[in-house]
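Observations on the model geometry
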There are 2 protein chains.
Amino acid sequence: MAAVAVATRWWLLLMLSAAELGVAPAPQPPNILLLLMDDMGWGDLGVYGEPSRETPNLDQMATEGMLFPNFYTANPLCSPSRAALLTGRLPIRSGFYTTNGHARNAYTPQEIVGGIPDSELLLPALLKGAGYASKIVGKWHLGHRPQFHPLKHGFDEWFGSPNCHFGPYDNKARPNIPVYRDQEMVGRFYEEFPINLKTGEANLTQIYLQEALEFIQRQQAAHRPFFLYWAVDATHAPVYASKPFLGTSQRGRYGDAIRELDDSVGRILRLLQDLGIAENTFVFFTSDNGAALISAPRQGGSNGPFLCGKQTTFEGGMREPAIAWWPGHIPAGQVSHQLGSIMDLFTTSLSLAGLEPPRDRAIDGLDLLPAMLQGRLTDRPIFYYRGNTLMAVTLGQYKAHFWTWTNSWEEFKQGIDFCPGQNVSGVTTHSQEEHTKLPLIFHLGRDPGERFPLSIASIEYLDALRRITPVVQQHQEALVPGQPQLNVCNRAVMHTVSR
Amino acid sequence: MAAVAVATRWWLLLMLSAAELGVAPAPQPPNILLLLMDDMGWGDLGVYGEPSRETPNLDQMATEGMLFPNFYTANPLCSPSRAALLTGRLPIRSGFYTTNGHARNAYTPQEIVGGIPDSELLLPALLKGAGYASKIVGKWHLGHRPQFHPLKHGFDEWFGSPNCHFGPYDNKARPNIPVYRDQEMVGRFYEEFPINLKTGEANLTQIYLQEALEFIQRQQAAHRPFFLYWAVDATHAPVYASKPFLGTSQRGRYGDAIRELDDSVGRILRLLQDLGIAENTFVFFTSDNGAALISAPRQGGSNGPFLCGKQTTFEGGMREPAIAWWPGHIPAGQVSHQLGSIMDLFTTSLSLAGLEPPRDRAIDGLDLLPAMLQGRLTDRPIFYYRGNTLMAVTLGQYKAHFWTWTNSWEEFKQGIDFCPGQNVSGVTTHSQEEHTKLPLIFHLGRDPGERFPLSIASIEYLDALRRITPVVQQHQEALVPGQPQLNVCNRAVMHTVSR
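Looking at an unreviewed UniProt entry, chain A carries the name Galactosamine (N-acetyl)-6-sulfatase, with the source organism given as Ovis aries.

If you tally the helices and strands in chain A, you get 14 helices and 19 strands. Over its C-alpha atoms, taken along the principal directions, chain A stretches across nearly 70 × 55 × 45 Å. Looking at chain A as a whole, 64% of its 499 residues are labelled buried. Contacts in chain A between residues far apart in sequence, at least 24 positions, make up 72% of those at least 6 positions apart. Only carbon and sulfur atoms are counted for the fraction: they give 54% of the accessible area of chain A, which is about 17,400 Å². Taken as two groups, the 41 positive and 47 negative side-chain charges of chain A have centres that lie 3 Å from each other.

With that out of the way, let us pick up the confidence of the model for chain A. On average, residues of chain A score 93 in pLDDT, and 92% of them are at 70 or above. Ignoring residues within four places in sequence, the model shows residues 491-499 of chain A, a span with pLDDT below 50, making 11 contacts including any to other chains.

Residue and element names in this part refer to chain A. Strands sit in the order β10-β3-β13 across an open sheet of three strands; the sheet is mixed. A strand with exactly one partner marks an edge of an open sheet, and here the two such strands are β10 (319-320) and β13 (340-341). The sheet contact formed by strand β3 (residues 71-72) and β10 spans two bridges and is antiparallel. Its bridge partner lying in β10, F71 is registered against E320.

Within the structure shown, the criterion is met by 48 salt bridges over all chains. For B:E460, the salt bridge goes to A:R298, with nearest N and O atoms at 2.5 Å. With one member in each of two chains, B:E460 in helix α13 (residues 459-478) and A:R298 in the loop between β9 (281-287) and α9 (315-318) form a pair that bridges those chains. The class for A:R298 is partly exposed, based on a relative accessible area of 44%. Residue A:D379 pairs with A:R467 through a salt bridge whose shortest N-O separation is 3.6 Å. On the criterion of sequence distance, the pair formed by A:D379 in the loop between α11 (369-374) and β14 (381-386) and A:R467 in helix α13 (residues 459-478) is long-range, its members being 88 residues apart. In this structure, a network of salt bridges that share partners links the residues A:K135, A:E157, A:R181, A:E211, A:E214 and A:R218.

A few words on the relation of the copies chain B and chain A. Expressed as a screw transformation, the operator carrying chain B onto chain A has a rotation angle of 180° and an axial translation of 0.0 Å, and the superposed copies differ by an RMSD of 0.0 Å. Those values place the two copies in the arrangement expected of a two-fold rotation axis. Counting the interface residues of chain B, we find that 100% of their copies in chain A are interface residues as well, pointing to one common contact surface.

Another aspect to go through is unusual backbone geometry. Cis geometry marks the peptide bond from A:A296 to A:P297; its omega dihedral reads 0°. Note on placement: A:P297 falls in the loop between β9 and α9. Within the chain, A:C308 stands out as a residue other than glycine whose phi angle is a positive 55°. A positive phi angle, close to 50°, is found at B:E450, a residue other than glycine.

Looking now at the state of the cysteines. Enumeration over the complete set of coordinates arrives at two disulfides over all chains. Here A:C308 pairs with A:C419 through a disulfide, and the sulfurs are 2.0 Å apart. Between A:C308 and A:C419, the S-S dihedral sits near 110°, and the bridge is therefore right-handed. Pair noted here: A:C308 is in the loop between β9 and α9 and A:C419 is in the loop between α12 (409-413) and β18 (433-434), with a separation of 111 residues, a long-range link. The class of A:C308 is buried, set by a relative accessible area of 0%. Looking at B:C78, it has no disulfide partner, and the nearest cysteine sulfur is the one in B:C164, 5.7 Å off.

Glancing now at helix α7 (residues 204-222) of chain A. All names here are of chain A. Over its 19 residues, α7 runs 27 Å from end to end, which matches the ideal 27 Å to within 8%, given 1.5 Å per residue. Where α7 is concerned, the buried positions are L204, T205, Y208, L209, E211, A212, L213, F215, I216 and Q219. Contacts made by the buried residues of α7 are with β1 (31-37), β4 (133-139), β5 (157-161), β6 (178-181), β8 (226-231) and α8 (253-274). Downstream of α7 by one or two residues, H223 has phi in the positive range, about 55°.

On to the nonpolar core. Within the largest apolar cluster, 125 residues are counted, with the highest numbers of intra-cluster contacts made by A:W230 and A:M372. Ranked by residues supplied to this core, first place goes to α8(A) with nine residues. Residue-level mapping places this core at the junction of two domains, with at least three residues from each of domain 1 (28-378 + 483-495) and domain 2 (389-478) of chain A. In contact with A:M372, other than residues within four places in its own chain, are A:M66, A:F68, A:F282, A:F284, A:A324, A:I330 and A:P331. Of all hydrophobic cores here, the second largest spans 72 residues; its members include B:Y180, B:L369, B:L390 and B:I468.

So, about the sheet that holds β8(A). All names here are of chain A. Here we have 10 strands laid out as an open sheet, ordered β7-β6-β5-β4-β8-β1-β9-β11-β2-β12, and mixed in their pairing. Looking at the sheet topology across the chains shown, the edges are occupied by β7 (184-188) and β12 (334-335). With seven bridges connecting them, β1 and β9 associate as parallel partners. Across the sheet, the residue bridging to L33 is V283, located in β9.

What follows is about the interface of chain B and chain A. The interface of chain B with chain A comprises 37 residues on the first partner and 38 residues on the second. Of the roughly 3,000 Å² buried between chain B and chain A, counting both surfaces, carbon and sulfur atoms make up 56%. Three residues, B:P51, B:R53 and B:R446, lead the burial of chain B against chain A; their summed loss comes to 22% of the area buried on that side. Run the count over chain B and chain A and you get two salt bridges. Linking chain B with chain A are 13 residue pairs in polar contact (both at pLDDT 80 or more).

Turning our eyes to something else, we now look at the pairing of strand β19 (residues 440-443) of chain B. All names here are of chain B. Where burial is concerned, the two faces of β19 agree: the one with L440 and F442 and the one with I441 and H443 are both buried. Relative to β19, strand β16 (residues 398-401) runs antiparallel, the two being bridged by four bridges. Counterpart to H401 in the pairing with β19 is L440.

All right, on to the side chain of B:S287 then. All names here are of chain B. As for its placement among the helices and strands, S287 is situated in strand β9 (residues 281-287). Relative accessible area serves as the criterion here: at 0%, S287 is assigned to the buried category. Looking at S287, its side chain comes within polar contact range of the main-chain oxygen of M40, at 2.8 Å. Polar contacts involving the side chain of S287 include one to the main-chain carbonyl oxygen of N289, which spans 3.1 Å.

Rules behind the numbers
Residues numbered from 1 in each chain as written. Chains lettered and ligands numbered in written order. Predicted model: local features only at pLDDT ≥ 70, side-chain atom pairs only at ≥ 80, totals over all residues. Heavy atoms only, no water. Helix = DSSP H or I, 4+ residues; strand = E, 2+ residues; numbered from the N terminus. Buried < 20%, exposed > 50% of the residue type's maximum accessible area, 1.4 Å probe, protein only. Contact = heavy atoms within 4.5 Å. Areas by Shrake-Rupley, 256 points an atom, 1.4 Å probe, with all protein chains shown as cover. Lys, Arg positive; Asp, Glu negative; His and termini not counted. Charge placed at Lys NZ, Arg CZ, Asp CG, Glu CD. pLDDT = per-residue confidence, 0-100. Pairing = 2+ DSSP bridges. Salt bridge = Lys/Arg side-chain N within 4 Å of Asp/Glu carboxyl O. Least-squares fit on C-alpha atoms with pLDDT ≥ 70 in both. Disulfide = S-S within 2.5 Å. Expected span 1.5 Å × (residues − 1). Core = buried A, V, L, I, M, F, W, Y, C linked by side-chain atoms within 4.5 Å. Domains from an automatic or database assignment. Buried area = accessible area lost by both parts, 1.4 Å probe. Polar contact = N/O pair within 3.5 Å; in protein donor to acceptor, adjacent residues only side chain to side chain.

Here it is, written out as structure tokens:
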């Protein structure tokens with residue numbers, strides 16, 4: 001097992017030499033299956049303490065694999081965190097941010113003209129170098145104009161949408177969001193792919209499941225290693241589930257969606273076992289950002305004990321459920337205290353394929369294989385950005401907030417609240433509060449809910465600050481921001497450009 | 001297995017007939033081991049999602065036993081909830097409340113002259129009828145004057161204290177709290193039984209562990225069924241741990257105490273297995289009330305996703321970790337959705353011993369064996385009291401608050417806060433808010449954190465209220481309150497009476 005973590009490129013070397021010598025085919029590098037949920041919170045899984053405990057398949061996956069309780073996304077919003085997963089880079093580097101306003105979140109509605117730049121190297125394109133077939137099922141969210149689409153950036157196959165299932169729109173000024181099979185648009189949400197906003201019924205998860213199962217079977221039959229990025233969206237509002245799952249959860253419609261996703265994960269893992277390829281398939285389950293508490297309780301999930309939710313850089317927005325599964329390689333039933341990041345999935349996947357990460361650019365992801373296979377822990381910071389503003393950093397058990405802000409007073413007065421029922425004085429602020437000179441510091445071990453800032457006068461505060469400051473300075477000095485892709489344009493601009 | 005749940009008294013009948021016939025000794029009724037923690041929160045166990053996951057033994061116990069995510073205490077305070085466990089009755093019935101103020105919490109400092117009345121029938125006294133030897137280790141808290149002590153109320157043995165490890169006091173006006181072995185005072189906290197308030201070091205948990213192990217071994221050698229009530233207090237502020245555990249947790253001093261308790265539980269379960277009596281010993285783990293957030297983060301725990309903590313009737317004060325373990329009888333790895341209560345441990349223990357609960361008084365506890373052995377769920381209400389005020393009720397997934405109140409404005413201004421960082425407008429109030437005409441109703445499945453009250457105009461609200469109202473009316477009409485035991489007297493009165 002140790003060899004996998006250490007000998008980069010060894011799979012490839014093995015295959016090449018086997019081909020040269022004309023001997024029996026060498027073992028393939030492992031298949032890679034990344035299961036990315038949409039707005040699913042840390043607290044939504046039984047294994048993370050969800051009290052209704054309706055995720056038996058995911059809980060079982062954790063029992064057979066490794067749980068990461070301290071795993072982070074790269075941004076509390078869908079689009080940038082997905083860019084980070086596929087590039088191994090902070091969104092500030094790939095351009096997945098906005099300069100429209102200080103610390104402003106941004107995603108990709110139809111008004112956005114940007115997307116993943118050609119200069120970025122994406123995981124599926126790199127995996128091609130080790131012979132992988134790749135597919136994305138579900139939500140792309142890295143630009144909806146054709147030049148940004150998945151097949152232009154390394155994926156061999158796609159079934160899903162370039163965007164979120166927003167809407168429905170009026171189909172004139174704002175048409176419904178399209179659904180693609182590869183380069184072809186095959187319909188639109190709310191039309192050929194209906195979502196009943198009243199009942200929450202939609203069979204999209206079942207379609208996405210079938211796409212996954214079929215792809216896996218096809219690659220296994222062809223003896224080709226595969227990379228499947230299963231980016232389903234049933235837990236993003238408007239949440240949905242298919243008929244057999246509607247009304248079956250103790251948690252309402254959001255719970256129904258969770259139950260269907262949990263069932264689907266179970267079916268995917270069982271297929272791998274039935275095909276006899278479980279021991280040659282690395283599977284990782286996580287989510288793109290914390291639960292969207294503005295949609296709770298009917299259409300939003302749970303961030304467990306953590307503060308606030310999606311859109312914020314508190315733990316509720318950034319800490320994600322995370323399970324690694326690779327029978328026979330990753331020891332079963334373990335918990336890893338490695339501070340992990342969604343960007344690590346990029347680096348770890350390359351390592352699994354025997355590839356090295358690109359050397360011509362800053363890569364933020366770590367290879368998690370030493371943590372997974374040998375229990376080795378690596379000290380590293382987690383950076384929390386909103387737009388191009390560094391809001392906070394975590395190093396070890398300490399998290400320092402340089403800025404605190406939830407939503408604006410304007411939004412809050414309209415009923416938009418990213419932190420309902422979690423008002424921590426001086427922390428969950430509706431105006432942007434600057435703490436760059438004396439950051440608010442929390443000890444996440446004693447206080448994962450970020451409710452009790454350390455006293456600025458304490459030795460512990462000074463010690464923590466002394467460790468964090470140089471790490472942040474080094475990060476900021478070396479940082480080269482990418483061209484911002486997510487600045488919001490008015491519709492006229494959008495239409496001009498997309499014509 | 002079904003027979004255990006159905007045939008009450010069958011153990012006893014079996015033993016009697018065996019004795020009459022002079023045949024080989026019949027199997028004993030199972031030993032009963034109740035592990036009661038002090039101020040430990042639902043969110044403090046790995047199996048309930050504590051992110052540092054430092055309770056491997058308790059998590060293992062859950063894997064081998066049955067987890068109850070919806071298990072409640074009878075009061076958000078130590079004394080009344082302990083009275084409820086041992087009597088099977090709500091504290092309002094046994095007198096463990098105060099009339100000193102509306103909805104006022106009360107416990108048993110030295111100024112309290114009351115205690116468990118002679119008219120109450122306690123579990124150890126009843127278990128004697130089935131031949132059980134019984135011992136309490138740790139905190140009694142049902143009255144500190146001699147007539148209230150454990151050996152006067154059915155226990156055969158005692159090692160521990162009548163009170164909490166308050167203090168230290170000045171040993172003149174308020175002497176330190178005594179520690180007893182049976183009827184004899186063997187020392188006092190902070191003197192013969194030191195607790196270092198600066199370092200948190202105390203070897204009390206180790207003493208309590210040895211008392212438990214020794215008692216179990218002794219009863220097993222004597223072939224006598226036993227009832228052990230292990231009421232340890234390391235997680236009640238001031239929290240403590242012995243030297244080998246201090247500084248070992250990622251969660252600080254509170255986590256050190258948890259780690260030592262977790263280790264102790266593991267050692268107790270291993271002893272049962274080593275002695276070959278695991279299959280004949282029913283073990284239940286729970287806590288007396290939610291984590292005391294006023295002591296967090298250094299000396300207080302976590303209530304996971306739940307609102308507020310100890311002293312309040314929100315879920316954070318009342319929902320408890322709960323694990324049942326009885327290898328070969330309770331199926332392993334199950335989760336029960338039964339709404340459970342600490343009072344059920346009274347009724348369930350009697351059922352295990354083949355005894356029936358007393359018929360001359362109202363008993364609030366249910367027999368949980370049908371839930372544990374056959375997965376049968378019973379609909380039942382959970383009543384949430386403060387003092388003699390019915391604050392709320394839960395029935396199925398719905399919780400109705402008739403009063404909301406955390407702490408008073410007076411206390412809050414002094415820095416006492418039972419809900420730090422959890423300000424839900426109109427819910428976590430510092431003045432007592434009456435909702436008896438139109439209760440605040442939450443759906444605990446969708447919203448376990450009590451952050452989103454149902455709309456009073458919704459059909460769901462009306463349906464829930466229609467189910468809850470008759471249950472509450474029936475409860476209140478039939479209720480006969482006991483003589484209040486916890487009214488606070490001034491010291492002069494206390495000294496007069498105790499002389």
